[in-house]
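Survey of secondary and tertiary structure
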Amino acid sequence: MNRSIVSERWFGYLCAIALTALVTGAVALIRVVADVGNASMLYLLAVMASAVLFGRGPAILASVAAFLAFNFFFVEPNYTLSVTSNDEVVALFLLLIAGIITGQLTAQLRQRADEARAREREAVVLYDVVRLMADTELERALTAVAERIRVELELSAVVIAFGKESPIRVQADTGDGEAIALAREAMGSAEMVLGGGQAPTATQRGQPGRWIRVVPPTARAIARLRNDRVRSVPVNLRGQPVGSIILVPKPGAHKIGPADDRLLSAIGHQLGVALERLSLQREATEAEVLRKTDELRKALLNAVSHDLRTPLSSIMASAGSLRQQDVSWTEDQRGEFAEAIENEAQRLNRLVGNLLDLSRIEAGSIRPEKSWYDLGSLINEVAGRLHAATAGHKLIIDVPDGLPPVLFDYVEIDQVVSNLIENAVKYTPQGTEICVSARTAGDEVEVEVADSGPGIPEGAMPRLFDAFYRASDSGGAKGSGLGLAVAKGLVEAHGGRIRVANREGRGARFLFTLPLHATEFEPPAKTKETA
Amino acid sequence: MTGSGARILVIEDEPGIIRALKTNLSAHGFQVEPVDTGGAGLDAYKRRRPDLILLDLGLPDIDGKEIVRAVRGDGATPIIILSVRGAEREKVEALDLGADDYLTKPFGVDELLARIRVALRHTAAPDAGSEPVFKTGDLEIDVAQRVVRVAGMEVHLSPTEYELLRAFASQPDKLITDSMLLRRVWGPEYGDEAHYLHVYVARLRKKIEPDPQAPRYIITEPGVGYRFVTGRG
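Presented here is an overview of the structure given in this document. (Residues numbered from 1 in each chain as written. Chains lettered and ligands numbered in written order. Predicted model: local features only at pLDDT ≥ 70, side-chain atom pairs only at ≥ 80, totals over all residues. Heavy atoms only, no water.)

Concerning the overall build of chain B
Convention followed: Helix numbering and strand numbering both begin at the N terminus, where a helix is a DSSP run of H or I of at least 4 residues and a strand a DSSP run of E of at least 2. Using a 1.4 Å probe on the protein chains alone, a residue whose accessible area is under 20% of its type maximum counts as buried, one over 50% counts as exposed, and one in between counts as partly exposed. Throughout, a residue-residue contact means that at least one pair of heavy atoms, one from each residue, lies within 4.5 Å. To measure how exposed things are, a 1.4 Å probe is used in the Shrake-Rupley method; for residues, cover is taken only from the protein chains shown.
Secondary structure assignment for chain B yields eight helices and twelve strands. Counting every position in chain B, which comprises 233 residues, the buried fraction comes to 51%. Long-range pairs, those at least 24 residues apart, make up 59% of the contacts in chain B with a sequence separation of at least 6. Per element, the accessible surface of chain B, about 10000 Å² overall, is 51% carbon and sulfur.

See the structure below:
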């Protein structure tokens, strides 16, 4: 690799001489045609071209060569380096000085342009890295970053690894499989160099990586290593090395220059920042989960102590009354007690059912057993079953005939519709209307339970679907605060959405959607259909 | 109505439920023999040859499905399963193995008695629905003519719809699982394609039900199957 750099530099100097020779030829030609006094200025072109194309050194060489060539070929006496006229001496030195200054200025311009290009590339790559790290899935993000580095530096493989010192252990790789294996072998050594042997000092932070020789265990890797060197760039978190970017160059590829080094350490720094942000975020999420779990536990205790005890009290009171020896109840009164026991037991059963569903939802173990059903039949069946509960309200069902079959778990969507209707019954005054309707809307079907009650206070909207939440001015604790949370969990397990809105005028509407499947469903007939 | 002395084997390990079942069923004229393990249940079945079995699926010793399998390998004694909410899959498996019906705990006494009556009637007259003209409510199926009438008006059914209705009518009031219906109407290779069935049931309801959205003949048993209700029980 060094050889190519050396020959590149020689090439520059050779070209500078060639350019000077070319100008010499041109001046000679011009002299044949006409006697031009200050043809020497043409040499400045060669100097400028050398400066732009090859830098400062070749430009100086071109100046000196121009000075000598002009002297040798065109200054009297010709074909010697001696000068007779004083004017000519001044002209020659002016040529030399002008050449050197022009060369310097032009070379400086070129260098600034190069630096600007390098900075621009750095900015673009860093911007890409930041953008790629925004991916919530860390491994995917790192793989994308590794690929970006690999493409940018034309490498054979890139591995990004965060080891046991990192708060998040993760590895990502990209590129040629064999080269990845090589990088992984190098990683052990890299970690040793970075974390083991010596403590990293503050000045090492953000420094370009060092070349490390890897002693790989396999013969194949050794064979590869004769040509390749694996490079490691450290990634630091709060000043401590936590991982590295391992680079495997392509055999015979161009050298990783100082600009690349700067770029790599900037990327390393950026990854460190991203990692820090992620680890802070995770800590915050864990704290939030703990807080929520605690809140849920408290709410659960609340619900158990209150919502289970209330029906139990009525049951015990009714059963106790029936057993009383000293009172002779009429047949109607006995019937009332029995009915109370039955109703309260049913209420308990629904509560336990919702608690069970909620625990399944919280555990993420809801697996709908979907099949194609007629949504209208389901709504009517639920309405029929809840007949006793809805007797005090005017229940209106409005489902169009042409509703296509929908894919869902019957038991679970039955529960959703039941919970929404029961919710409407609980929180709206007797005698008001509850309207259950369904319609297709684009590629989904929408079910709406609209009531004519007081509506939902704006402040309660965002938490309405939280478990155990009850709107504070909902007129006493009638419900367990479970029904809507369960409905939400079940609808979402079906890939649908649930929301609530207040109606214009009076009342609230709860809406949920279920996806309709793009292809129109047509079951096979058993035999040829004529109907 | 009394149970006319039919002998019921109750395989259930909850003492509270056994007590309630025994009190209620005895009061309705059934002879009840309770056992609290699957092993004892199988013994009692072989020894006593009961008229009907009430079987809890969550027994301590044997999987309830194994008992269904063993009894079906031996005879047609009706089996009614007692299961809990959330065990839908297990319940459907037991039904597909040959159990006749199910009740989800907690259940009411009326429901229990209705199920027992239907199950016993089916053993007494296994080929119900094979009479030349089947009538329930406004619905009339003339099997010989292959004609279906609702309130005296002929209704045109496609061959699949007709087969489906015949399948229902052959087992009035009895629970029929999705896969039983599919096998019977579409053939054995369709056992798992329940969605065909639900769509055809919806079509059939539109033709024969007075109010297709609030059906009175073909009732959905959520997640399990259907029941063709005649009100004869």
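Re the nonpolar core
Residues and elements named next belong to chain A. The condition that has to hold: Residues belong to one nonpolar core when they are buried, are Ala, Val, Leu, Ile, Met, Phe, Trp, Tyr or Cys, and are joined through side-chain atoms within 4.5 Å.
Among the nonpolar cores identified, the biggest contains 52 residues, and L375, F408, I413, L420, F510 and F512 are the most heavily contacted of them. If near-sequence neighbours (up to four positions away) are discounted, F512 is found in contact with I413, V416, V417, L420, V445, E446, V447, V491, R497 and I498. Of all hydrophobic cores here, the second largest spans 34 residues; its members include L132, V145, I168 and V242.

Details of the sheet that holds strand β9 (residues 153-155) of chain B
Residue and element names in this part refer to chain B. Where we set the bar: Any two strands are treated as partners once DSSP identifies two or more bridges connecting them. To obtain an axis, a line is fitted to C-alpha atoms, over the contacting stretch when the element is a helix, and the angle between two such axes runs from 0 to 180 degrees between their N-to-C directions.
Across the sheet, four strands lie side by side as β6-β7-β8-β9; this open sheet has antiparallel pairing. Looking at strand neighbours, the two that pair on one side only are β6 (133-136) and β9, the edges of this open sheet. Between one strand axis and the next, the sheet turns by 25 degrees as a mean value, whatever way the strands run. In terms of strand pairing, strand β7 (residues 139-142) meets strand β8 (residues 147-150) through four bridges, oriented antiparallel. Within β8, the position partnered with E140 by the bridge is R149. Packing of helix α6 (residues 159-169) onto the sheet brings it into contact with β6, β7 and β8, and relative to β7 it is tilted by some 105 degrees.

Considering a negative patch on the surface
Heads up, the condition is: Nonpolar side chains (Val, Leu, Ile, Met, Phe, Trp, Tyr) are joined into patches within 5 Å and like charges within 9 Å, using only residues with over 30% relative accessible area and no salt bridge. Salt bridges are identified by distance alone: a Lys or Arg side-chain nitrogen within 4 Å of an Asp or Glu carboxyl oxygen. The sign given to each residue is positive for Lys and Arg and negative for Asp and Glu; His and the chain ends receive no count. Here the site of a charge means atom NZ of a Lys, CZ of an Arg, CG of an Asp or CD of a Glu.
The grouping of E331, D332, E336, E339 and E342 of chain A together with D110 and E111 of chain B at the surface amounts to a negative patch. No other element matches the five residues that helix α9 (residues 331-362) of chain A contributes to the negative patch. Accessibility expressed as a relative area gives 47% for E339 of chain A, which makes it partly exposed.

Quick look at the sheet that holds strand β10 (residues 175-177) of chain B
Residues and elements named next belong to chain B. Ordered by their spatial adjacency, three strands build an open sheet running β10-β12-β11, and the pairing between neighbours is antiparallel. Only two strands of the sheet have a single partner each, and these edge strands are β10 and β11 (218-221). Recorded for the sheet is a direction-independent mean angle of 30 degrees between the axes of neighbouring strands. Sheet analysis places β11 next to strand β12 (residues 225-228), joined by four bridges and oriented antiparallel.

Points about the interface of chain A and chain B
Inclusion rule: When two parts are put together, the accessible area they lose, computed with a 1.4 Å probe and summed over both, is reported as buried area. N or O atoms within 3.5 Å of each other form a polar contact, as long as, within protein, one can give a hydrogen and the other can take it, and as long as residues adjacent in sequence are counted only when both atoms are side-chain atoms. Amino acids outside the nonpolar list (Ala, Val, Leu, Ile, Met, Phe, Trp, Tyr, Cys, Pro) and the charged list (Asp, Glu, Lys, Arg) are all regarded as polar, and Gly is one of them.
Each partner contributes to the interface: chain A provides 32 residues, whereas chain B provides 30 residues. Taking both partners together, chain A and chain B bury about 2600 Å²; carbon and sulfur atoms supply 53% of that area. Taken together, the connections running from chain A to chain B amount to two salt bridges. E369 of chain A is paired through a salt bridge with R89 of chain B; the nearest N and O atoms lie 3.2 Å apart. Taken together, chain A and chain B are joined by five residue pairs in polar contact (both at pLDDT 80 or more). At the level of secondary structure, the elements contributing two or more residues to the side of chain A that touches chain B comprise α9, β6 (371-373), α10 (375-385) and α11 (410-427) of chain A. Looking at the side of chain A that touches chain B residue by residue, the class counts come to 13 nonpolar, nine polar and ten charged.

Describing unusual backbone geometry
Comment: phi is negative for the bulk of residues other than glycine, and the bulk of peptide bonds are trans. Residues and elements named next belong to chain B. Cis geometry is found at the peptide bond from K105 to P106, where omega equals -5 degrees. Positive phi, close to 60 degrees, is recorded for R146, a residue that is not glycine. Counting through the fold element by element, R146 comes out in the loop between β7 and β8. Look at D173: it is not a glycine, yet its phi comes out positive at around 65 degrees.

Description of the pairing of strand β12 (residues 508-515) of chain A
All names here are of chain A. Across the eight residues that make up β12, a large majority, six, are buried. Here seven bridges tie strand β10 (residues 444-451) to β12, and the two strands are oriented antiparallel to one another. Counted as the bridge partner of E448 is L511 from β12. Connecting strand β11 (residues 498-502) to the antiparallel partner β12 that follows it, the hairpin turn spans five residues, and G505 within it adopts a positive phi of roughly 95 degrees.

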